[in-house]
Amino acid sequence: MSKQAMSLLPRWCSRIFSVELNGAPFYFAVKEKHLGEDVPRVFREVQNRDKCYSVLVYCSRDRIKTAKFYGELKDKLLRDLPPECRLSPMSSFLPNVRDSLVKGYFLKGNSDTSSPIERLLSDLIQHDPVLVCSYSPAEDGQQWTQHMWSETASQVMDVAKGYYVVSSEAPEYHPSTLNIINSDVFYSFDEAYDVMKKCGDIIPEAKAVLELLPSRVEARNKPDFPVIVIEGLDATGKTTLTESLKDTLGATLLPSPPECLSPWRARFDQEPPLIRRAFYALGNYITADQIGREGMKTPVIVDRFWHSTAAYAIATAVSGPVCNLPGEGSEVYCWPSDLFQPSLVVLLTLDPEERKRRLRNRGQGKTDEEEELDHNQLFRLRVEEAYRRISGPACVTVDASPSADRVLQQVLLLIRGKCHL
Ligand SMILES: Nc1ncnc2c1ncn2[C@@H]1O[C@H](COP(=O)(O)OP(=O)(O)O)[C@@H](O)[C@H]1O
Ligand SMILES: Nc1ccn([C@@H]2O[C@H](COP(=O)(O)OP(=O)(O)O)[C@@H](O)[C@H]2O)c(=O)n1
């Protein structure tokens, strides 16, 4: 077993494991002895002949490589595993301990598929940063045990001792919230810059992005004119409103991410969250630099800014219902201390049905496939709630369902009240 895998072991029995089945997490722990505890539900539903496995990707010191590998692992498993094998997202963590989350997959196969699955896992453990365990019924037939695999120079074998798997309560903090800071959301220019810089060797476009960045985050004077950010989900009317505000106020309109990043956006959208989110975070600093210049001449309207970066990142990192989000007031929702703070942030909200209607009218209604609807609904609710929880500045919610002109008037009232325009 590699040194890095060994480093996960000392607190192995303090770790909780979570398997996500149909979007719901099932938690279990491992113990050296069992005292008649319940068999975890994940295993209770498994048929007699079935065998289960877990593949966890442990974090090497090279975060970029780990993030890339995690994304590639899913593709590899889906491609190479027998089609009957069921693959579910899985994680292991120390309850409520920051940065303790390791992610992976839970595999369920039957006796017909165990040989090809085990061949694939043997190959993985020898070449990649993974920790593999298999799960099978214990001798008494009542309990299930976890056996950790170990790779030696020539073969893969079970570590002799098995651990019993027992049911575990849901932790206070949803596991996916443990690693958000500086992996999904960046709270300073330097943290995001560091990720982009390290990407330079494997993603040539990262170098081009670095060249577009302001040479340093300058402590500019506050712009003379107000800076107003318009936020909201796709099709809530941001483009319509920002164009009208620009004309009405004689303002400069800046999109975020800035136009200079457009050629690279599709490229970074394909990357794992660590890299993708660093790209968007850096975009805000470019926009902030532009705000600093334009805000000396005219009012500035910004189409999306840090609220979007953080809210989408948090809502994607966390799965399930809104209650899984980090609680209100969590440091996760704090504004980066080195990022320009706008005078006003307006969040446009819209009834889901009306939003869908506007998406359809714009000719982009194809994402609303029935089977995805539930998932999207929860995602939408998480984004909106994360928007509302972000502070420093917090956003002011405006109902975007009235006519475009009435929404404009409503926002102008807010601007005049807050920014003395
Ligand atoms: N207040 C409004 N009432 C009705 N339709 C609107 C309103 N604002 C925008 N729209 C229409 O809804 C669609 C989405 O608006 P858009 O401004 O492109 O949203 P976003 O920039 O937030 O994606 C467009 O077809 C637009 O004409
Ligand atoms: N400042 C920004 C703007 C967008 N984004 C990301 O861009 C996506 C939304 O872009 P979009 O193309 O749907 O935006 P619009 O079509 O609404 O302008 C979200 O996934 C956000 O994560 C960001 O992270 N930071």
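Here the structure is shown first, and the text comes after it.
Just so it is clear, the structure is predicted and the values come from calculations on it, not from any experiment. (Residues numbered from 1 in each chain as written. Chains lettered and ligands numbered in written order. Predicted model: local features only at pLDDT ≥ 70, side-chain atom pairs only at ≥ 80, totals over all residues. Heavy atoms only, no water.)

Draft legend 1. View of the site of ligand 2. Ligand 2 sits among 14 residues. The nearest are Ser 256, Arg 265, Arg 277, Arg 304 and Thr 309. Between an oxygen atom of ligand 2 and a side-chain N or O atom of Arg 265, the distance comes to 2.9 Å. One of the side-chain N or O atoms of Arg 304 is found 2.7 Å from an oxygen atom in ligand 2. Here ligand 2 loses 78% of its free accessible area of 550 Å² to cover by the protein chains. Listing elements by their share of the shell around ligand 2, those giving two or more residues are α9 (273–294) and α10 (306–317). (Near = heavy atom within 4 Å. Polar contact = N/O pair within 3.5 Å; in protein donor to acceptor, adjacent residues only side chain to side chain. Areas by Shrake-Rupley, 256 points an atom, 1.4 Å probe, with all protein chains shown as cover. Helix = DSSP H or I, 4+ residues; strand = E, 2+ residues; numbered from the N terminus.)

Draft legend 2. Summary view of the environment of Leu 414. For Leu 414, the position within the fold is in helix α13 (residues 404–419). Sequence spacing of Leu 414 and Ala 281 is 133 residues, and the spatial spacing of their C-alpha atoms is 27 Å.

Draft legend 3. Molecular detail of the pattern of salt bridges. With the rule as written, the count across this model stands at 18 salt bridges. With its nearest N and O atoms 3.5 Å apart, the salt bridge here joins Arg 388 to Glu 385. You can see Arg 388 and its partner Glu 385 sitting in helix α12 (residues 373–389), three residues apart, about one turn around the helix. (Salt bridge = Lys/Arg side-chain N within 4 Å of Asp/Glu carboxyl O.)

Draft legend 4. Representation of unusual backbone geometry in the model. Following Ser 256, the chain continues into Pro 257 via a peptide bond in cis, with omega recorded as 5 degrees. Following Gly 392, the chain continues into Pro 393 via a peptide bond in cis, with omega recorded as 5 degrees. Mapping Pro 393 onto the fold places it in the loop between α12 and β14 (396–399). One non-glycine residue, Asn 96, adopts positive backbone phi at about 65 degrees. By secondary structure assignment, the location of Asn 96 is in the loop between β4 (86–93) and β5 (102–109). In the Ramachandran plot, Ala 235 falls in the positive-phi region, its phi being about 70 degrees despite a non-glycine side chain. If you trace the backbone, Ala 235 turns up in the loop between β10 (227–232) and α7 (238–249). Ala 235 gets classed as buried once you look at its relative accessible area, which sits at 9%. (Buried < 20%, exposed > 50% of the residue type's maximum accessible area, 1.4 Å probe, protein only.)

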